[in-house]
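Secondary and tertiary structure notes
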Amino acid sequence: MAEGKLRGVNWSNSIEHVDDAVKLVGADHVGLGSDFDGANMPYGMEEATKLAQITEALLRKGYSEDDVRKILGENTLRVMTEVERASRELNSK
C-alpha cells in the first residue's frame, strides 16, 4: 500500500464483508481476527483502540448482542475448544 501497489480499504468495508458472510453461513460460523503487529490494517483500524467501532457498527446494522459476541470472539473460542477436545481424543488412541 505504501508503494501504491495495493489499494487501501476503509474499516467499514470489513463490516460489509462480515455482513455478507453472516448472510451466507450464519452468525454461528463467522469470526474476526486481527494482526496489529505488522499487518496492513484497513484505514481507521490501525490500532486496537478502534475495535469498538466494529461492535457499534454491527449493532447499528441490527445484529443482536449475542450475535456480536459470537462474531467478535465466542465462535473462535468454541472452535478452539473443539479442536483441543479432538486433539486430546486423537492423542489418547
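1. With respect to the layout of surface pockets
Of the voids in this model, the largest pocket is the one considered here, and its volume is about 300 Å³. Forming the walls of the largest pocket are 13 residues, and the residues nearest its centre are Leu32, Gly33, Ser34, Leu51 and Ile54. Per-element accounting of the lining of the largest pocket gives the leading share, 4 residues, to helix α1 (residues 11-25). Split into classes, the residues belonging to the lining of the largest pocket amount to 10 nonpolar, 3 polar and no charged.

2. Here we look at the environment of alanine 27
Turning to its location among the elements, alanine 27 is positioned in the loop between α1 and α2 (52-60). Under the relative-accessibility criterion, alanine 27 is labelled buried at 10%. Considered as a pair, alanine 27 and lysine 70 are 43 residues apart in the sequence and their alpha carbons are 7.0 Å apart. Leaving out residues up to four positions away in the same chain, alanine 27 has contacts with Val22, Asp67, Lys70, Ile71 and Asn75.

3. Observations regarding helix α3 (residues 65-91)
Along its 27 residues, α3 runs 37 Å from first to last C-alpha, staying within 8% of the 39 Å computed at 1.5 Å per residue. Those residues of α3 that fall on the buried side of the exposure criterion are Val68, Ile71, Gly73 and Asn75. Among the structural elements, α1 and α2 are those in contact with the buried residues of α3.

4. Remarks on α1
The α-helix winds at 3.6 residues per turn, so residues separated by three or four positions along the chain end up facing the same way. When the terminal C-alpha atoms of α1 are compared, their 22 Å separation across 15 residues agrees well with the 21 Å that a helix rising 1.5 Å per residue should span. The complete set of buried residues in α1 reads Trp11, Ile15, Val18, Asp19 and Val22. Projected down its long axis, α1 carries its buried residues within an arc of 105 degrees, all on one side. Across from the buried face of α1, at angles greater than 90 degrees, the exposed residues are His17, Lys23 and Leu24. Where the residues of α1 are buried, they touch α2 and α3. One side-chain oxygen of the residue at the start of α1 lies 3.0 Å from the amide nitrogen of serine 12, identifying that residue as asparagine 10. In the segment just after α1, glycine 26 is the residue with positive phi, at about 95 degrees.

Parameters at a glance
Residues numbered from 1 in each chain as written. Predicted model: local features only at pLDDT ≥ 70, side-chain atom pairs only at ≥ 80, totals over all residues. Heavy atoms only, no water. 1 Å grid on protein atoms, 1.4 Å probe; cavity = no way out; pocket = protein on both sides within 12 Å on 5 of 7 lines; lining within 4 Å. Points joined across faces, edges and corners; volume = space filled by probe spheres on them. Helix = DSSP H or I, 4+ residues; strand = E, 2+ residues; numbered from the N terminus. Nonpolar A, V, L, I, M, F, W, Y, C, P; charged D, E, K, R; others polar. Buried < 20%, exposed > 50% of the residue type's maximum accessible area, 1.4 Å probe, protein only. Contact = heavy atoms within 4.5 Å. Expected span 1.5 Å × (residues − 1). Arc of directions from axis to C-beta. Polar contact = N/O pair within 3.5 Å; in protein donor to acceptor, adjacent residues only side chain to side chain.

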